[in-house]
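Results of the structural survey
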Amino acid sequence: MFTPETTVIGFIGIGVMGKSMAEHLLNAGYPLVVYSRTKEKAAELLEKGAEWVETTKEVAEKASVIFTMVGYPKDVEEIYLGENGLIQNGREGSYLIDMTTSAPSLAVKIYEQAKKRGIEAIDAPVSGGDVGAREAKLSIMAGGEEAAFTAVHRLLELLGTNIVYQGAPGAGQHTKMSNQIAIASNMIGVCEAIIYAEKAGLNPENVLKSITTGAAGSWSLNNLAPRMLHGNFEPGFYIKHFIKDMKIALDEAEQMDMEVPGLALAKSLYDQLVERGEENSGTQALYKYWKY
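Residues numbered from 1 in each chain as written. Predicted model: local features only at pLDDT ≥ 70, side-chain atom pairs only at ≥ 80, totals over all residues. Heavy atoms only, no water.

As a further point, take the overall build of the chain. Broken down by element type, the chain carries 14 helices and nine strands. Relative to its length of 292 residues, the chain is compact, with a C-alpha radius of gyration of 20 Å against a globular reference of 19 Å. By its C-alpha atoms, the chain is 60 × 45 × 35 Å across when sized along the principal axes. Among the 292 residues that make up the chain, the fraction classed as buried is 52%. When contacts within the chain are restricted to residue pairs at least 6 apart in sequence, those whose partners lie at least 24 apart make up 66%. Accessible area for the chain stands at about 13,200 Å²; split by element, carbon and sulfur atoms hold 49% of it. (Helix = DSSP H or I, 4+ residues; strand = E, 2+ residues; numbered from the N terminus. Rg over C-alpha atoms; globule rule 2.2 N^0.38 Å. Buried < 20%, exposed > 50% of the residue type's maximum accessible area, 1.4 Å probe, protein only. Contact = heavy atoms within 4.5 Å. Areas by Shrake-Rupley, 256 points an atom, 1.4 Å probe, with all protein chains shown as cover.)

Another point: the packing of helix H4 (residues 73–81) against helix H6 (residues 104–116). Think of two packed helices as two axes; the pair is described by the angle between the axes and how far apart they sit. With their axes 11 Å apart at the nearest point, H4 and H6 run at an angle of 5° to one another. Taken together, the axes of H4 and H6 are roughly parallel relative to one another. Along the contact surface, H4 presents Pro73, Val76, Glu77, Tyr80 and Leu81, while H6 presents Leu106, Lys109, Ile110 and Gln113. Class assignment for the residues of the contact of H4 with H6 results in six nonpolar, one polar and two charged. (Axes fitted to C-alpha atoms, helices over the stretch in contact; angles between N-to-C directions. Parallel < 35°, antiparallel > 145°, perpendicular 65-115°, else oblique. Nonpolar A, V, L, I, M, F, W, Y, C, P; charged D, E, K, R; others polar.)

Phe11, Phe67 and Met99 are the most contacted members of the largest nonpolar core, which has 57 residues in total. No other element matches helix H8 (residues 146–156), which puts six residues into this core. Those residues in contact with Met99, other than ones at most four positions away along the chain, are Met21, Phe67, Thr68, Met69, Ala124, Pro125, Val126, Ile140, Leu156 and Leu159. Within the second largest apolar cluster, 30 residues are counted, among which are Cys191, Leu208, Leu224 and Tyr270. (Core = buried A, V, L, I, M, F, W, Y, C linked by side-chain atoms within 4.5 Å.)

Below, the discussion takes up the packing of aromatic side chains. Taken as a whole and assessed by the stated rule, the structure comprises eight aromatic pairs. Taking 5.3 Å as the distance between ring centres and 85° as the angle between the ring planes, the aromatic pair formed by Phe2 and Tyr95 counts as edge-to-face. On the criterion of sequence distance, the pair formed by Phe2 in the segment before strand S1 (9–12) and Tyr95 in strand S5 (residues 95–98) is long-range, its members being 93 residues apart. In this pair, the class of Phe2 matches that of Tyr95, namely buried. Over the ring of Tyr238 we find Lys240; its NZ or CZ atom is 5.0 Å from the centre of that ring. (Phe/Tyr/Trp six-rings, centres within 6.5 Å; stacked < 30°, edge-to-face > 60°. Lys NZ or Arg CZ within 6 Å of the ring centre and 35° of its normal.)

As a further point, take the pattern of salt bridges. The tally for this structure, following the rule as stated, stands at 16 salt bridges. Taking the shortest distance from any N to any O, the salt bridge between Asp271 and Lys267 comes out at 2.9 Å. Residue Asp271 and its partner Lys267 are both found in helix H14 (residues 261–275); the two are separated by four residues, about one turn of the helix. On the basis of relative accessibility, which here comes to 17%, the residue Lys267 falls in the buried class. (Salt bridge = Lys/Arg side-chain N within 4 Å of Asp/Glu carboxyl O.)

Turning to helix H1 (residues 18–27), a few remarks are in order. One full turn of an α-helix is made of 3.6 residues, so residues set three or four places apart face in the same direction. Burial analysis of H1 places eight of its 10 residues in the buried class, which makes it a mostly covered element. Within H1 the residues assigned to the buried category are Gly18, Ser20, Met21, Ala22, Glu23, His24, Leu25 and Leu26. Once H1 ends, the next one or two residues include Gly29, with phi positive near 100°.

Our focus in this paragraph is the pairing of strand S8 (residues 138–143). Judged by how many residues are buried, S8 sits mostly within the fold: five of six residues are covered. Both strand S7 (residues 126–127) and S8 contribute to a ladder of two bridges, which runs antiparallel. Across the sheet, Val126 pairs through a bridge with Ile140, a residue of S8. In the sheet, S8 pairs with strand S9 (residues 160–167) via six bridges, with the strands oriented parallel. Each residue of the ladder has a partner; that of Gly143, found in S9, is Gly167. Taken together, S8, H8 and S9 form a β-α-β motif whose crossover is right-handed. (Pairing = 2+ DSSP bridges. Right-handed = clockwise from strand over helix to strand, strands pointing away.)

This next bit is on the packing of helix H13 (residues 239–255) against H14. Look at H13 against H14: their axes get within 10 Å of each other, and the N-to-C directions meet at 145°. Note on packing geometry: the crossing formed by H13 with H14 is left-handed. Residues Ile239, Phe242, Ile243, Met246, Lys247, Ala249 and Leu250 of H13 form the contact with H14, whose participating residues are Leu263, Ala264, Ala266, Lys267, Tyr270, Asp271, Leu273 and Val274. Looking at the contact of H13 with H14, its residues break down into 12 nonpolar, no polar and three charged. (Left-handed = near helix turned anticlockwise from the far one by under 90°.)

This brings us to the pairing of strand S2 (residues 32–35). Neither face of S2 is left uncovered, since the one carrying Leu32 and Val34 and the one carrying Val33 and Tyr35 both have all their residues buried. Summarising the sheet, S1 and S2 pair through four bridges and their orientation is parallel. Counterpart to Ile9 in the pairing with S2 is Leu32. Taken together, S1, H1 and S2 form a β-α-β motif whose crossover is right-handed.

What follows is the structure, encoded as C-alpha coordinates:
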(Lines give C-alpha, C1' and ligand atoms only; values in the text may rest on other atoms or scores of the structure.)
Protein backbone atom coordinates (compact mmCIF):
# COMPACT_ATOMS: atom_id res chain seq x y z
CA MET A 1 0.00 0.00 0.00
CA PHE A 2 2.77 2.44 0.93
CA THR A 3 5.60 3.17 -1.48
CA PRO A 4 8.29 5.89 -1.57
CA GLU A 5 6.61 7.26 -4.69
CA THR A 6 3.22 7.72 -3.07
CA THR A 7 3.83 8.11 0.66
CA VAL A 8 5.30 10.90 2.76
CA ILE A 9 6.25 9.68 6.23
CA GLY A 10 6.37 11.86 9.31
CA PHE A 11 8.55 11.18 12.34
CA ILE A 12 8.22 12.98 15.67
CA GLY A 13 10.87 12.47 18.35
CA ILE A 14 14.50 12.35 17.21
CA GLY A 15 16.11 10.93 20.33
CA VAL A 16 18.50 8.09 21.15
CA MET A 17 16.30 5.55 19.36
CA GLY A 18 14.11 7.77 17.18
CA LYS A 19 17.02 9.10 15.14
CA SER A 20 18.07 5.64 13.99
CA MET A 21 14.49 4.60 13.32
CA ALA A 22 13.80 7.68 11.21
CA GLU A 23 17.04 7.12 9.32
CA HIS A 24 15.96 3.61 8.29
CA LEU A 25 12.79 5.03 6.76
CA LEU A 26 14.78 7.70 4.97
CA ASN A 27 17.30 5.16 3.68
CA ALA A 28 14.42 3.11 2.27
CA GLY A 29 13.65 6.03 -0.02
CA TYR A 30 10.61 7.50 1.72
CA PRO A 31 10.23 11.30 1.78
CA LEU A 32 10.56 12.10 5.48
CA VAL A 33 9.19 15.05 7.44
CA VAL A 34 10.65 15.36 10.93
CA TYR A 35 9.94 17.31 14.08
CA SER A 36 11.63 17.25 17.47
CA ARG A 37 11.89 19.76 20.29
CA THR A 38 15.59 20.18 19.57
CA LYS A 39 16.31 20.74 15.88
CA GLU A 40 20.02 19.99 16.30
CA LYS A 41 19.20 16.34 17.01
CA ALA A 42 17.81 16.05 13.47
CA ALA A 43 20.85 17.63 11.78
CA GLU A 44 22.16 14.38 10.25
CA LEU A 45 18.71 13.46 8.96
CA LEU A 46 18.31 16.88 7.37
CA GLU A 47 21.70 16.51 5.68
CA LYS A 48 20.44 13.24 4.18
CA GLY A 49 17.31 14.85 2.75
CA ALA A 50 14.69 14.90 5.48
CA GLU A 51 12.45 17.95 5.70
CA TRP A 52 12.24 19.88 8.97
CA VAL A 53 8.99 21.46 10.13
CA GLU A 54 8.35 23.68 13.13
CA THR A 55 5.19 22.07 14.55
CA THR A 56 3.42 18.75 14.94
CA LYS A 57 0.52 20.32 13.04
CA GLU A 58 2.72 20.63 9.95
CA VAL A 59 3.72 16.99 10.23
CA ALA A 60 0.04 16.04 10.29
CA GLU A 61 -0.68 18.18 7.23
CA LYS A 62 2.21 16.84 5.15
CA ALA A 63 2.44 13.12 5.98
CA SER A 64 0.04 10.23 5.48
CA VAL A 65 1.92 7.87 7.85
CA ILE A 66 3.33 9.32 11.06
CA PHE A 67 5.56 7.64 13.62
CA THR A 68 6.05 9.06 17.11
CA MET A 69 8.81 8.13 19.56
CA VAL A 70 8.82 10.54 22.49
CA GLY A 71 9.44 10.46 26.22
CA TYR A 72 6.33 10.45 28.38
CA PRO A 73 2.57 9.84 28.17
CA LYS A 74 1.99 13.58 28.65
CA ASP A 75 4.05 14.18 25.49
CA VAL A 76 2.03 11.57 23.62
CA GLU A 77 -1.25 13.13 24.77
CA GLU A 78 -0.19 16.60 23.64
CA ILE A 79 1.11 15.40 20.27
CA TYR A 80 -1.99 13.37 19.47
CA LEU A 81 -4.87 15.11 21.24
CA GLY A 82 -3.77 18.74 21.54
CA GLU A 83 -5.11 21.62 19.48
CA ASN A 84 -2.09 21.43 17.16
CA GLY A 85 -2.01 17.66 17.41
CA LEU A 86 -2.03 14.89 14.88
CA ILE A 87 -5.66 13.87 15.20
CA GLN A 88 -7.10 17.37 15.00
CA ASN A 89 -4.98 18.21 11.95
CA GLY A 90 -4.37 14.85 10.30
CA ARG A 91 -5.67 13.70 6.96
CA GLU A 92 -8.59 11.33 6.71
CA GLY A 93 -7.21 7.91 5.84
CA SER A 94 -3.83 8.55 7.40
CA TYR A 95 -2.04 6.21 9.83
CA LEU A 96 -0.62 7.19 13.22
CA ILE A 97 1.87 4.81 14.86
CA ASP A 98 2.96 5.56 18.40
CA MET A 99 6.13 3.68 19.33
CA THR A 100 6.52 5.42 22.69
CA THR A 101 6.05 3.28 25.78
CA SER A 102 2.91 4.84 27.18
CA ALA A 103 -0.26 4.08 29.13
CA PRO A 104 -2.59 1.46 27.61
CA SER A 105 -5.62 3.60 28.50
CA LEU A 106 -4.16 6.53 26.56
CA ALA A 107 -3.61 4.29 23.53
CA VAL A 108 -7.30 3.37 23.62
CA LYS A 109 -8.32 7.03 23.91
CA ILE A 110 -6.12 7.98 20.95
CA TYR A 111 -7.58 5.15 18.86
CA GLU A 112 -11.16 6.20 19.64
CA GLN A 113 -10.55 9.88 18.86
CA ALA A 114 -8.66 9.07 15.67
CA LYS A 115 -11.41 6.74 14.47
CA LYS A 116 -13.94 9.57 14.70
CA ARG A 117 -11.87 11.49 12.12
CA GLY A 118 -11.29 8.56 9.79
CA ILE A 119 -7.70 8.08 10.95
CA GLU A 120 -6.09 4.76 11.93
CA ALA A 121 -4.11 4.71 15.19
CA ILE A 122 -1.78 1.91 16.25
CA ASP A 123 0.10 1.56 19.53
CA ALA A 124 3.39 -0.13 18.67
CA PRO A 125 5.96 0.20 21.47
CA VAL A 126 9.35 -1.37 20.94
CA SER A 127 12.09 -3.21 22.79
CA GLY A 128 15.75 -3.51 21.89
CA GLY A 129 17.25 -0.21 22.99
CA ASP A 130 19.71 1.86 21.03
CA VAL A 131 21.35 -1.24 19.53
CA GLY A 132 18.06 -2.65 18.24
CA ALA A 133 17.09 0.73 16.80
CA ARG A 134 20.45 1.22 15.11
CA GLU A 135 20.48 -2.29 13.60
CA ALA A 136 16.75 -2.28 12.71
CA LYS A 137 16.26 -5.32 14.92
CA LEU A 138 13.65 -4.00 17.31
CA SER A 139 10.91 -6.13 18.77
CA ILE A 140 7.66 -4.38 17.91
CA MET A 141 4.43 -5.19 19.77
CA ALA A 142 1.31 -3.75 18.18
CA GLY A 143 -2.24 -3.02 19.22
CA GLY A 144 -5.10 -1.65 17.14
CA GLU A 145 -7.25 -2.91 14.30
CA GLU A 146 -5.61 -5.86 12.60
CA ALA A 147 -6.31 -4.47 9.12
CA ALA A 148 -4.43 -1.28 10.02
CA PHE A 149 -1.53 -3.31 11.40
CA THR A 150 -1.40 -5.35 8.20
CA ALA A 151 -1.37 -2.17 6.13
CA VAL A 152 1.73 -0.76 7.84
CA HIS A 153 3.54 -4.06 8.40
CA ARG A 154 5.98 -3.47 5.55
CA LEU A 155 7.02 -0.15 7.09
CA LEU A 156 7.47 -1.77 10.50
CA GLU A 157 9.77 -4.31 8.86
CA LEU A 158 12.17 -1.45 8.14
CA LEU A 159 12.54 -0.95 11.89
CA GLY A 160 12.35 -4.38 13.48
CA THR A 161 12.66 -8.12 13.01
CA ASN A 162 10.17 -9.42 15.56
CA ILE A 163 6.84 -7.79 14.76
CA VAL A 164 3.79 -9.25 16.50
CA TYR A 165 0.16 -8.14 16.42
CA GLN A 166 -1.05 -8.40 20.01
CA GLY A 167 -4.72 -7.46 19.66
CA ALA A 168 -7.10 -4.57 20.29
CA PRO A 169 -6.06 -0.95 20.92
CA GLY A 170 -3.85 -0.80 24.03
CA ALA A 171 -2.67 -4.40 23.64
CA GLY A 172 0.72 -3.28 22.35
CA GLN A 173 1.24 -1.15 25.45
CA HIS A 174 0.11 -3.93 27.79
CA THR A 175 2.62 -6.24 26.09
CA LYS A 176 5.36 -3.65 26.60
CA MET A 177 4.47 -3.53 30.29
CA SER A 178 5.05 -7.30 30.45
CA ASN A 179 8.40 -6.70 28.76
CA GLN A 180 9.41 -4.00 31.25
CA ILE A 181 8.34 -6.11 34.23
CA ALA A 182 10.59 -8.93 33.02
CA ILE A 183 13.51 -6.56 32.44
CA ALA A 184 13.18 -4.85 35.83
CA SER A 185 13.83 -7.93 37.95
CA ASN A 186 16.34 -9.28 35.45
CA MET A 187 18.45 -6.13 35.75
CA ILE A 188 18.74 -6.67 39.49
CA GLY A 189 19.92 -10.23 38.85
CA VAL A 190 22.46 -9.12 36.22
CA CYS A 191 23.97 -6.52 38.56
CA GLU A 192 24.07 -8.85 41.55
CA ALA A 193 25.74 -11.55 39.45
CA ILE A 194 28.48 -9.19 38.27
CA ILE A 195 29.10 -7.74 41.74
CA TYR A 196 29.18 -11.24 43.22
CA ALA A 197 31.75 -12.38 40.66
CA GLU A 198 33.92 -9.37 41.43
CA LYS A 199 33.75 -9.90 45.19
CA ALA A 200 34.60 -13.58 44.71
CA GLY A 201 37.82 -12.53 43.01
CA LEU A 202 36.79 -13.79 39.57
CA ASN A 203 37.38 -12.14 36.21
CA PRO A 204 33.83 -10.96 35.47
CA GLU A 205 34.43 -10.92 31.72
CA ASN A 206 35.32 -14.61 31.87
CA VAL A 207 32.25 -15.22 34.01
CA LEU A 208 30.11 -13.64 31.30
CA LYS A 209 31.59 -16.01 28.73
CA SER A 210 30.13 -18.89 30.72
CA ILE A 211 26.81 -17.58 31.91
CA THR A 212 25.56 -15.64 28.88
CA THR A 213 25.18 -18.84 26.86
CA GLY A 214 23.54 -20.86 29.62
CA ALA A 215 20.16 -20.76 31.32
CA ALA A 216 20.94 -17.32 32.78
CA GLY A 217 21.35 -15.75 29.34
CA SER A 218 19.32 -12.63 28.58
CA TRP A 219 19.50 -9.51 26.42
CA SER A 220 20.55 -7.43 29.43
CA LEU A 221 23.26 -9.89 30.42
CA ASN A 222 24.62 -10.03 26.88
CA ASN A 223 24.42 -6.33 26.03
CA LEU A 224 24.43 -4.32 29.24
CA ALA A 225 26.69 -6.29 31.58
CA PRO A 226 29.73 -5.63 29.33
CA ARG A 227 28.91 -1.91 29.44
CA MET A 228 28.88 -2.06 33.23
CA LEU A 229 32.33 -3.66 33.29
CA HIS A 230 33.75 -1.02 30.95
CA GLY A 231 32.26 1.86 32.91
CA ASN A 232 29.96 2.80 30.04
CA PHE A 233 26.77 4.20 31.53
CA GLU A 234 25.67 6.22 28.51
CA PRO A 235 21.95 5.78 27.79
CA GLY A 236 20.73 3.25 25.34
CA PHE A 237 17.62 3.72 27.45
CA TYR A 238 17.39 6.43 30.11
CA ILE A 239 16.79 5.57 33.75
CA LYS A 240 14.20 8.36 33.91
CA HIS A 241 12.23 6.73 31.10
CA PHE A 242 12.50 3.27 32.65
CA ILE A 243 11.10 4.63 35.92
CA LYS A 244 8.22 6.12 33.91
CA ASP A 245 7.55 2.68 32.41
CA MET A 246 7.70 0.93 35.77
CA LYS A 247 5.26 3.46 37.23
CA ILE A 248 2.79 2.75 34.41
CA ALA A 249 3.15 -1.01 34.98
CA LEU A 250 2.69 -0.63 38.75
CA ASP A 251 -0.47 1.42 38.21
CA GLU A 252 -1.87 -1.11 35.72
CA ALA A 253 -1.06 -4.01 38.07
CA GLU A 254 -2.81 -2.23 40.92
CA GLN A 255 -5.93 -1.86 38.78
CA MET A 256 -5.76 -5.63 38.17
CA ASP A 257 -5.38 -6.24 41.92
CA MET A 258 -2.02 -7.90 41.21
CA GLU A 259 1.09 -7.85 43.38
CA VAL A 260 4.39 -7.21 41.58
CA PRO A 261 7.07 -7.28 44.31
CA GLY A 262 9.98 -7.69 41.89
CA LEU A 263 8.91 -4.66 39.89
CA ALA A 264 8.35 -2.59 43.05
CA LEU A 265 11.84 -3.44 44.32
CA ALA A 266 13.47 -2.55 41.01
CA LYS A 267 11.72 0.81 40.90
CA SER A 268 12.78 1.60 44.47
CA LEU A 269 16.44 0.93 43.58
CA TYR A 270 16.25 3.11 40.48
CA ASP A 271 14.51 5.84 42.48
CA GLN A 272 17.55 5.90 44.78
CA LEU A 273 19.84 6.33 41.77
CA VAL A 274 17.77 9.30 40.60
CA GLU A 275 18.25 10.89 44.03
CA ARG A 276 21.99 10.58 43.32
CA GLY A 277 21.72 12.33 39.97
CA GLU A 278 21.67 9.31 37.64
CA GLU A 279 18.33 9.96 35.89
CA ASN A 280 20.04 10.59 32.53
CA SER A 281 22.27 7.52 32.75
CA GLY A 282 21.47 4.27 30.97
CA THR A 283 19.59 1.55 32.84
CA GLN A 284 22.85 -0.39 33.25
CA ALA A 285 23.87 2.25 35.83
CA LEU A 286 21.92 0.17 38.36
CA TYR A 287 25.34 -1.45 38.80
CA LYS A 288 26.35 1.74 40.65
CA TYR A 289 23.83 0.99 43.40
CA TRP A 290 26.30 -1.55 44.78
CA LYS A 291 29.31 0.67 44.09
CA TYR A 292 28.41 3.77 46.09
